[in-house]
2 protein chains.
Amino acid sequence: MLHVPVDALTDRHTRILDAAERCFARAGIHRTTMQDVASEAGMSPGNLYRYFPSKDALAAGLAERDRAQLAADFGFLAEADDFVSAFKALGRKHFMEEPRERSVLCLEIWAEATRNPNFAAMTHAFERELVGRMSGLFADAQRRGRLPGTLDPHAAAVMVSTLANGLFVRRAVAPGFDAEREVAAVLTMIGAVLRGAVDLSPSVQPEKT
Amino acid sequence: MLHVPVDALTDRHTRILDAAERCFARAGIHRTTMQDVASEAGMSPGNLYRYFPSKDALAAGLAERDRAQLAADFGFLAEADDFVSAFKALGRKHFMEEPRERSVLCLEIWAEATRNPNFAAMTHAFERELVGRMSGLFADAQRRGRLPGTLDPHAAAVMVSTLANGLFVRRAVAPGFDAEREVAAVLTMIGAVLRGAVDLSPSVQPEKT
């Protein structure tokens, strides 16, 4: 993966990864060349290769950085007194404050993951970590009596992932995407699951309307 | 768009569109050549060009076919006595019976839509039609007293789209995607919205847990 731990990322590494993100989102991963990334980062290709020897190395660097960000987000969630408020802050960050480019990049990475084993491994690791950490957090809150005992932590975590992925798609491609309303609606859904108003445990059949 | 109406699609058109879908999903839209599609369909490139003169024409053909399918799905939903059972049948069809390739193709088309205006126009038209038809269906069921008067038909339709897109992403890339459980969980969420257990109208603040 990355040649240096994320906490030792130099300004130069950060500048290159930011440049790679912009190129991948703009032109697509397949169409982006190392030369494009070097130009975008304002350096020579020879210099770029000293930091990242290939597009796969760039992708691995981006994945490492995303996982470090995921860990920070979970640190924030774990310390929050109120999950829904904490999710609201994360929702604002990911779907409103971060540039739309990052949602486009998600689509790019997912599409590439369906045919490139390196991208597939990174995507799987990220998704496993997201669902694993989220279920752990919910199970812990349950033990401390802060979430209902009937909640299925894994099913709830998978639902959060489904809703977040759906929002990334809509932000990238839906005409008239309304971040404020749609993030609020998704938070309402997550809130309903967490307070036990919707039971997602697999043994329960969907109720009829 | 297509050179012939969808109901006049010949076996030859269908064979070409099926071949294009397989190529696009396998290699990506950008990497697929007209020659690849011709080989996959078992015909000469010259013959293929008589039916579809470009990749954009193939994509438009696929989009027209998807919209015809969407119309058929909505015909089925409109006639159903029980929305949740009807959604269940559609969920089984799209996420279990259809090959996983079709979910991969969704990711491909969305990624391409972020930079190719033809794909963007097709994606927007599809999404507008999906949300428009779905809200119309919900509003109609409301008028006939079959859905609660408090339901916001547009917000509910956008939520169905968010959940469906999230499932397409998970089916294409999530490790250990469990179609049976995940489709059931999404149906439970949709059921909760439709019976009024979760209020998505924009004026309502998410409740705290």
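Throughout this document, residue positions are counted from 1 along each chain, in the order its sequence is written. Chains carry letters and ligands carry numbers; both start at the beginning, A for chains and 1 for ligands, and go up in the order they are written. Whole-chain, interface and lining totals are the exception, using all residues; otherwise, since this is a predicted model, local features are given only for residues with pLDDT of at least 70 and side-chain atom pairs are given and counted only at 80 or more. Only hydrogens and water are set aside; all other atoms, that is, all heavy atoms of the structure, feed into the side-chain values.

Looking up chain A in an unreviewed UniProt entry gives the name TetR/AcrR family transcriptional regulator, with the organism given as Salinarimonas soli.

> Just checking my understanding: could you explain the side chain of Thr 32 of chain B for this structure?
All names here are of chain B. Going along the chain from the N terminus, every DSSP run of H or I of four or more residues is numbered as a helix, and every run of E of two or more is numbered as a strand. Tracing the backbone through its elements, the reader meets Thr 32 in the loop between helix H1 (11-27) and helix H2 (34-41). By relative accessible area, which is 2% here, Thr 32 ends up buried. Contacts described as polar in this section are N or O atom pairs within 3.5 Å, which, within protein, must combine one atom able to donate a hydrogen with one able to accept it, while residues neighboring in sequence count only if both atoms come from side chains. In terms of polar contacts, Thr 32 uses its side chain to reach the backbone carbonyl oxygen of Gly 28, at 2.7 Å. Any residue under 20% of the maximum accessible area for its type is buried, any over 50% is exposed, and the rest in between are partly exposed; the area is computed with a 1.4 Å probe on protein chains only.

> Would you mind going over the nonpolar core with me for this structure?
Side chains of nonpolar character tend, in soluble globular proteins, to be buried together. Among the buried residues, those of types Ala, Val, Leu, Ile, Met, Phe, Trp, Tyr and Cys that are joined through side-chain atoms within 4.5 Å form a nonpolar core. Judged by nonpolar contacts, the single largest core of 145 residues is most densely connected at Phe 87 and Phe 138 of chain A together with Phe 87 and Phe 138 of chain B. Contacts are residue-level and defined by heavy atoms, with any inter-residue pair within 4.5 Å sufficient. Apart from the residues lying within four places of it in its own chain, the contact partners of Phe 138 of chain B are Phe 83, Phe 87, Leu 147, Leu 151, Pro 153, Ala 156, Ala 157, Val 160 and Leu 194 of chain B.

> I tried to follow the domain arrangement of chain A on my own but got confused; where do I start?
Often, the extent of an interface is quoted as the loss of accessible area upon association of its parts. Residues and elements named next belong to chain A. Taken as a whole, chain A is organised into domain 1 (1-64) and domain 2 (80-209). Domain start and stop positions are those given by an automatic or database domain assignment. For domain 1 and domain 2, the distance between their C-alpha centres works out to 28 Å. Listed by partner, the interface residues are eleven residues for domain 1 and eleven residues for domain 2. Accessible-area loss on putting two parts together, using a 1.4 Å probe and summing over both, is the definition of buried area adopted here. For the pair domain 1 and domain 2, the summed buried surface comes to about 1000 Å²; carbon and sulfur atoms form 68% of the total. For this analysis, a salt bridge means a side-chain nitrogen from Lys or Arg found within 4 Å of a carboxyl oxygen belonging to Asp or Glu. The interface formed by domain 1 and domain 2 includes one salt bridge. Glu 21 is the partner of Arg 102 in a salt bridge, and the nearest nitrogen-oxygen pair spans 2.5 Å. At the level of elements, helix H1 (11-27) and helix H4 (55-79) are the ones that each hand at least two residues to the side of domain 1 that touches domain 2.

> Got a minute to help me understand the relation of the copies chain B and chain A in this structure?
Both copies of the chain are tied together by a single rotation about an axis and a shift running along it. A least-squares superposition brings the copies together, and it is based on the C-alpha atoms of residues with pLDDT no lower than 70 in both. Least-squares fitting of chain B to chain A yields an RMSD of 0.0 Å, with the transformation described by 0.0 Å of translation along the axis and a rotation of 180°. What the superposition gives is, in effect, a two-fold axis relating one chain to the other. In terms of C-alpha distance to the rotation axis, chain B has Gly 166 of chain B as its closest residue, with the C-alpha 1.9 Å off the axis. Same-surface contact between copies: 100% of interface residues of chain B are shared with the interface of chain A.

> Explain the packing of helix H8 (residues 153-173) of chain B against helix H9 (residues 179-194) of chain B here, please?
Think of two packed helices as two axes; the pair is described by the angle between the axes and how far apart they sit. Residues and elements named next belong to chain B. Here, axes are lines fitted to C-alpha atoms. For helices the fit covers the stretch in contact, and angles between N-to-C directions go from 0 to 180 degrees. It is at 11 Å that the axes of H8 and H9 come closest, and there the two elements cross at 170°. Considering the angle they form, H8 stands roughly antiparallel to H9. Within the contact between the two elements, H8 uses Ala 156, Val 160, Leu 163, Leu 167 and Arg 170 and H9 uses Glu 182, Val 183, Val 186, Met 189, Ile 190 and Val 193. Grouping the amino acids of the contact of H8 with H9 by side-chain chemistry returns nine nonpolar, no polar and two charged. Convention used here: angles under 35 degrees read as roughly parallel, angles over 145 as roughly antiparallel, angles from 65 to 115 as roughly perpendicular, and any remaining angle as oblique. Polar here means any residue outside two lists: the nonpolar Ala, Val, Leu, Ile, Met, Phe, Trp, Tyr, Cys and Pro, and the charged Asp, Glu, Lys and Arg; Gly therefore counts as polar.

> How should I be thinking about the pattern of salt bridges in this particular structure?
Pairs can form between side chains of opposite charge once their charged atoms are near each other. All names here are of chain A. Tallied over the entire structure, the rule returns 36 salt bridges over all chains. The partner of Glu 129 in a salt bridge is Arg 133, and the shortest N-O contact between them spans 3.2 Å. You can see Glu 129 and its partner Arg 133 sitting in helix H7 (residues 117-143), four residues apart, about one turn around the helix. Among the residues examined, Arg 133 registers a relative accessible area of 34% and is labelled partly exposed. For Arg 143, the salt bridge goes to Asp 140, with nearest N and O atoms at 3.7 Å. In this pair, Arg 143 and Asp 140 both sit in helix H7, three residues apart, roughly one turn of the helix. Note on Arg 143: relative accessible area 65%, which makes it exposed. The exposure class of Asp 140 is partly exposed, given its relative accessible area of 30%.

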